[in-house]
Amino acid sequence: MTSIHDDAGPKDATTVLLVHGHPFDRSMWRPQVEHLTELGYRVVVPDLRGYGTHKNGTHKTEATKTGLDVFANDLVELADHLGIESFVLGGLSMGGQIVMQTVARHPDRVSALLLADTFAGLDTPEVKQGRIDTAARITREGMERYAEELLPKMISPTTRATRPDVEEHVRRMMRDAPAEGAAAALRGRAERPDYTPGLENIDVPTLVVVGSDDEFTPVHDAERIHREVPGSTLVVIDGAGHLPNLERETEFNEALSTFLTTSGAKP
């Protein structure tokens, strides 16, 4: 399945492929697309299977469960469709877990990694059951109440107080996410493998980023990934919650572009 996506920047430049989290869409990477294309990179941002909207209506899925391996295969299929052999691969939250799945299965395709506000280990039994229960709930109720409950945990109190534009963007993405696709991803994510043992095998430059006030994947989760991935770089974005790329886009963009330059992934 070739996903709905944006493909910006010079087609012969180094490609950065960015993977959104749950329950968002490709618009969450808008500040990074603008920044990186100005620097001369090619940036590809897909809507994951079951997420996002477009002019022909909702990007739907018929599946009741979408495993992270399915998302990873979709990314490689998209790269093949676009004729991209090697790319920098980045993801946030669930997107970061999809990145870990992709690099484990297709290490030859990835030249550098961005792992933002994500978690490599397994869920506790309580968290796993919570994903399954939430999937059932949003299938019944839709996304609106769920989105309002998530919002205070997604972005920091500082962001909510000072960046109404970010708050509204995050609310819109969550509220508009297709419930069936989001539920299918939650069920698949509950059954994901433990990516921690494979982190030591990552042999490409890796940037680990986390918001200092992230409630979902706190700083210690990022520190664990940083310790396990050889030679990785850790950046903590002060004052940001779970979405530092939107909440503190200037600091996030600077960290990412500096990493790309120093890792050799120049445009």
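Residues numbered from 1 in each chain as written. Predicted model: local features only at pLDDT ≥ 70, side-chain atom pairs only at ≥ 80, totals over all residues. Heavy atoms only, no water.

**Side note on unusual backbone geometry**
Stated formally: The helix count covers DSSP runs of H or I at least four residues long, the strand count covers runs of E at least two residues long, and both are numbered beginning at the N terminus. Here's how the labels work: a residue is buried when its accessible area is under 20% of the maximum for its type, exposed when over 50%, partly exposed in between, all with a 1.4 Å probe on protein chains only.
A cis amide bond links His 22 to the next residue, Pro 23, at an omega of -5°. Position of Pro 23 among the secondary structure elements: in the loop between strand 2 (15–19) and helix 1 (30–38). A positive phi angle is found at Ser 93, which is not glycine, with a value near 60°. Here Ser 93 is to be found in the loop between strand 6 (87–92) and helix 3 (94–105). Taking the relative accessible area as the measure of exposure, Ser 93 reaches 7% and is therefore buried. One non-glycine residue, Asp 117, lies in positive phi territory at about 45°.

**Side note on the packing of helix 1 against helix 11 (residues 249–262)**
To keep it simple, the criterion reads: Note on geometry: axes are lines fitted to C-alpha atoms, helical ones only across the stretch in contact, with angles between N-to-C directions running from 0 to 180 degrees. In what follows, roughly perpendicular refers to angles from 65 to 115 degrees, roughly parallel to angles under 35, roughly antiparallel to angles over 145, and oblique to any angle outside these ranges. Crossing handedness is read from the near helix: turned anticlockwise from the far helix by less than a right angle, it gives a left-handed crossing, and turned clockwise, a right-handed one. Whether two residues touch is decided by their heavy atoms; if any such pair falls within 4.5 Å, the residues are in contact. Residues were grouped as follows: Ala, Val, Leu, Ile, Met, Phe, Trp, Tyr, Cys and Pro as nonpolar; Asp, Glu, Lys and Arg as charged; and all remaining residues, including Gly, as polar.
Where helix 1 meets helix 11, the closest approach of the two axes is 10 Å, and the angle between their N-to-C directions is 45°. One way to sum up the angle between helix 1 and helix 11 is to call them oblique. Taken as a pair, helix 1 and helix 11 cross one another with a handedness that is right-handed. For the pair helix 1 and helix 11, the contacting residues are Pro 31, Gln 32, His 35 and Leu 36 in the first and Glu 249, Phe 252, Asn 253, Leu 256, Ser 257 and Leu 260 in the second. Residue composition of the contact of helix 1 with helix 11, grouped by class: five nonpolar, four polar and one charged.

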